[in-house]
Amino acid sequence: MQLPIKAHYATLAMLVLAAKYESREVQAARQIAVEQSIPSQFLTQILQQLRSAGLISSTRGANGGFFLERSPQSISVGDIVDAVCPTSPGLGIERGSPLSDTVSEVWHQLHLQQRMLLDQLTLADLLVRCRDASNAMFYI
């Protein structure tokens, strides 16, 4: 099951902020938009939703920008998805026949597995993956 692009962009923006968490460096929205190729107006909307959810805060002024409100270890990808994508009530398929019930159960199990993964993965986990990928050496 595919998540909306909004969840992808929100996670990218949060990773940028997570990388600067220890240094307490704020990041301007336009800088994040340019570096991560996120449409600026879309990112502004996403950042507002993340701020409303209490995941990030912002400062105003010439040196203003955004920063994580909590540590990367305490923010899951599920938290980010919940902040920017309203939860869907399901597939909306009526149960009735044994075939339909069986297929509906598979989709439900898939949704539960996806949700479990999103809730287990933290920004800190993703930062480790990014560092590992950038340190990997490839030989031909």
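Conventions and cut-offs
- Residues numbered from 1 in each chain as written.
- Predicted model: local features only at pLDDT ≥ 70, side-chain atom pairs only at ≥ 80, totals over all residues.
- Heavy atoms only, no water.
- Helix = DSSP H or I, 4+ residues; strand = E, 2+ residues; numbered from the N terminus.
- Buried < 20%, exposed > 50% of the residue type's maximum accessible area, 1.4 Å probe, protein only.
- Contact = heavy atoms within 4.5 Å.
- Phe/Tyr/Trp six-rings, centres within 6.5 Å; stacked < 30°, edge-to-face > 60°.
- Lys NZ or Arg CZ within 6 Å of the ring centre and 35° of its normal.
- Core = buried A, V, L, I, M, F, W, Y, C linked by side-chain atoms within 4.5 Å.
- Salt bridge = Lys/Arg side-chain N within 4 Å of Asp/Glu carboxyl O.
- Pairing = 2+ DSSP bridges.
- Expected span 1.5 Å × (residues − 1).
- Disulfide = S-S within 2.5 Å.

Asker: Explanation requested: the environment of leucine 121 in the structure shown.
Answerer: Summarising the element assignment, leucine 121 is placed in the loop between α5 (98–120) and α6 (123–135). Accessibility expressed as a relative area gives 15% for leucine 121, which makes it buried. In sequence terms leucine 121 and proline 39 are 82 residues apart; their C-alpha atoms lie 26 Å from each other. Setting aside anything within four residues of it in sequence, one finds leucine 121 in contact with Ile75, Ser76, Val77 and Arg129.

Asker: How should the packing of aromatic side chains be read in this particular structure?
Answerer: Aromatic rings in a pair are described by how distant their centres are and how their planes are angled relative to each other. Considering all chains together, one arrives at one aromatic pair under this definition. Geometrically, the ring pair formed by tyrosine 9 and phenylalanine 42 is edge-to-face, given 5.7 Å between the ring centres and 80 degrees between the ring planes. With a gap of 33 residues between them, tyrosine 9 in helix α1 (residues 5–19) and phenylalanine 42 in helix α3 (residues 40–52) connect regions that are remote in the sequence. Using a relative accessible area of 15% as the deciding quantity, one classes tyrosine 9 as buried. Judged by relative accessible area, which is 23%, phenylalanine 42 ranks as partly exposed. For arginine 24, the ring lying beneath its charged end belongs to tyrosine 21, and the centroid distance is 4.5 Å.

Asker: When you look at the nonpolar core in this model, what are you seeing that I'm missing?
Answerer: Soluble globular proteins tend to bury their nonpolar side chains together. Counting 33 residues, the largest nonpolar core has Met14, Leu50, Ile56, Leu68, Ile80 and Leu123 as the members making the most contacts within it. Those elements that provide at least two residues to this core are α1, α2 (29–36), α3, β2 (65–68), α4 (77–84) and α6. Here this core gets nine residues from one element, more than from any other, and that element is α1. Residues contacting leucine 123, with those up to four places away along its chain left out, are Met14, Leu15, Ala18, Leu68, Pro72, Ile75 and Ile80.

Asker: What exactly am I supposed to notice about the pattern of salt bridges here?
Answerer: Side-chain pairs of opposite charge can arise where the charged atoms are in close proximity. Inspection of every chain in the model, using the stated rule, returns four salt bridges. Where glutamate 25 meets lysine 20, a salt bridge forms, and the shortest distance between an N and an O atom there is 3.9 Å. Arginine 70 is the partner of aspartate 79 in a salt bridge, and the nearest nitrogen-oxygen pair spans 3.4 Å. Residues joined in a network through salt bridges with shared partners are Asp82, Arg115 and Asp119.

Asker: Help me understand the pairing of strand β1 (residues 56–59), please; the structure alone is not making it clear to me.
Answerer: Put simply, side chains in a regular strand alternate between the two faces of the sheet. As judged from the four bridges shared by β1 and β2, these two strands associate in the antiparallel manner. Residue threonine 59 lies in a different strand from β2, and its bridge partner there is glycine 65.

Asker: Help me understand α1, please; the structure alone is not making it clear to me.
Answerer: Each turn of an α-helix holds 3.6 residues, which means side chains three or four residues apart point in the same direction. Given a rise of 1.5 Å per residue, 15 residues ought to cover 21 Å, and the 21 Å separating the end C-alpha atoms of α1 matches this to within 8%. Burial analysis of α1 places 11 of its 15 residues in the buried class, which makes it a mostly covered element. Taken residue by residue, α1 has Lys6, Ala7, Tyr9, Ala10, Thr11, Ala13, Met14, Leu15, Val16, Leu17 and Ala18 as its buried positions. If you follow the buried residues of α1, they end up packed against α2, α3, β1, β2, α4 and α6.

Asker: Mind showing me how you'd approach the state of the cysteines here?
Answerer: Here a disulfide denotes a covalent bond joining the sulfur atom of one cysteine to the sulfur atom of another. Per the counting criterion, the structure on display carries zero disulfides. Here cysteine 85 stays unpaired: no disulfide links it, and the sulfur of cysteine 130, its closest cysteine neighbor, is 20 Å away.

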